[in-house]
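Letter by letter, the chains look like this.
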Amino acid sequence: MLSCTKSEKPVISFYYWKTIFKFSKIEKEVLDENKVQKLYVRYFDIGLHPESNFPIPVSPVRFLENPKEYTIVPVVFIQNKVMLQPHLDVNDLAQKTFDFIEQINSKNQISCQEIQIDCDWTLKSKKNYLKFIEVFKKLSKKKLSATIRLHQVKYFKKTKIPNVDSGVLMYYNMGSIAPDSLNSIYDKKVAERYLKSLKRYPLHLDFAFPIYSWGVHIRNNKVIGLRSKMNSVALEKDSNFEKTSSIFFRVKKANYKNGVFYEENDLLKIEEIKAEDLKEMAEDLQDNLVEKPNEIIFYDLDEFNLNNYEKNIFEQVISCF
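All values reported here derive from a predicted model rather than from experimental measurement.

Asks: Requested: an account of the overall build of the protein chain, with residues and values cited.
Replies: Scanning the protein chain from N- to C-terminus turns up eleven helices and 18 strands. For the protein chain, whose C-alpha radius of gyration is 20 Å, the value lies close to the compact-globule estimate of 20 Å for 321 residues. Of all intrachain contacts in the protein chain linking residues separated by at least 6 positions in sequence, the fraction that spans at least 24 positions is 73%. With the model as given, the accessible surface of the protein chain reaches about 15,900 Å², and the carbon-plus-sulfur share is 50%. The averaged location of the 43 negative side-chain charges in the protein chain is 4 Å from the averaged location of its 49 positive side-chain charges.

Asks: Which residues make up the packing of aromatic side chains, and what values go with them?
Replies: The geometry of an aromatic ring pair is captured by two quantities: the separation of the ring centres and the angle between the planes. Scanning the entire structure with this criterion turns up 28 aromatic pairs. An angle of 40° between the planes, with centres 6.3 Å apart, marks the rings of Y171 and Y186 as tilted. Here the residue Y171 occupies a position in the loop between β9 (166–170) and α7 (188–195), and Y186 occupies one in the loop between β9 and α7, the gap between them amounting to 15 residues. Judged by relative accessible area, Y171 falls into the buried class, the value being 0%. The class for Y186 is buried, based on a relative accessible area of 7%.

Asks: If you had to explain the pairing of strand β11 (residues 214–219) to someone new, which residues and values would you point to?
Replies: With five of six residues buried, β11 is to be regarded as a mostly interior element. Taking the residues that link successive antiparallel strands as the turn, the β11-strand β12 (residues 222–228) hairpin has two residues, and the phi of N220 there is positive, at about 50°.

Asks: Tell me about unusual backbone geometry, and please be specific about residues and values.
Replies: Glycine aside, a negative phi is what most residues show, and trans is what most peptide bonds show. Cis geometry marks the peptide bond from Y299 to D300; its omega dihedral reads 5°. Relative to the helices and strands, D300 resides in the loop between β18 (295–299) and α10 (303–306). For S59, which is not glycine, the phi dihedral falls at a positive 50°. Mapped onto the secondary structure, S59 falls in the loop between β4 (55–58) and β5 (62–63). By relative accessible area, which is 39% here, S59 ends up partly exposed. Phi at N221 is positive, roughly 65°, even though this residue is not glycine. Residue position: N221 is located in the loop between β11 and β12.

The rules behind each value
- Residues numbered from 1 in each chain as written.
- Predicted model: local features only at pLDDT ≥ 70, side-chain atom pairs only at ≥ 80, totals over all residues.
- Heavy atoms only, no water.
- Helix = DSSP H or I, 4+ residues; strand = E, 2+ residues; numbered from the N terminus.
- Rg over C-alpha atoms; globule rule 2.2 N^0.38 Å.
- Contact = heavy atoms within 4.5 Å.
- Areas by Shrake-Rupley, 256 points an atom, 1.4 Å probe, with all protein chains shown as cover.
- Lys, Arg positive; Asp, Glu negative; His and termini not counted.
- Charge placed at Lys NZ, Arg CZ, Asp CG, Glu CD.
- Phe/Tyr/Trp six-rings, centres within 6.5 Å; stacked < 30°, edge-to-face > 60°.
- Buried < 20%, exposed > 50% of the residue type's maximum accessible area, 1.4 Å probe, protein only.
- Pairing = 2+ DSSP bridges.

See the structure below:
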């Protein structure tokens, strides 16, 4: 408990991961109540064209309101398969990525001082990825941050460290999506395998915490899909589903829900993050730090997610650092 009484707490920020930028009333209230000044906005993904295998932007964001009262950090998610291309023109990709960010900024009268690159690079893609970061940093002449996964912290001598100003440790998506009873979003036992490595990691890290939930759709003991924006509360109210354990729901009769067809006896495993999980994450991280984070970024700002927590949860989490 002593670790939860220190001053100079990290600031609260959010990822904004929807393709249409417009706040609901509840989203705006949460931003105001938590004195949020910075938003990490997903501008677009980069994937591969299905025929040519050339990198292309996917689902760029559209601003329906001006975010002028916030510091905006554009985030670009690059699929690892892009970086795995053996003949990837890294210089061209970096230039086009920066140009498209600038185009979105110009159209929406946004001035940004930082850009974040989100990519779960691997040993096979690290050469292209690290080069991309170098080229992009010179082009943009802005502060550059990158998302970092737990395995990249523990094995940084092999995976290397991108030449960025800071990293954001994504403290979620820790396990594989499976029909078992484990939570793939957060598992304390899995996290503990990596925590001690934080003290050896030479890059400054801020932390991203999950506040989303989803359903793992299982048929005949096989995962057939992930169903976003789904939680236990909604399923408990639906007479087509029967709760068989704390996390599993059985389909009582075939039905459509949110455009998805469920056969009788299909299972939904609900993976969600409770308030106690968030506080546990903060306390475990605090116990293994050399340097405190400047900010905690919650993923992601969405009314569906926010409705699952009491109003002061974000303050409770940052008070543990």
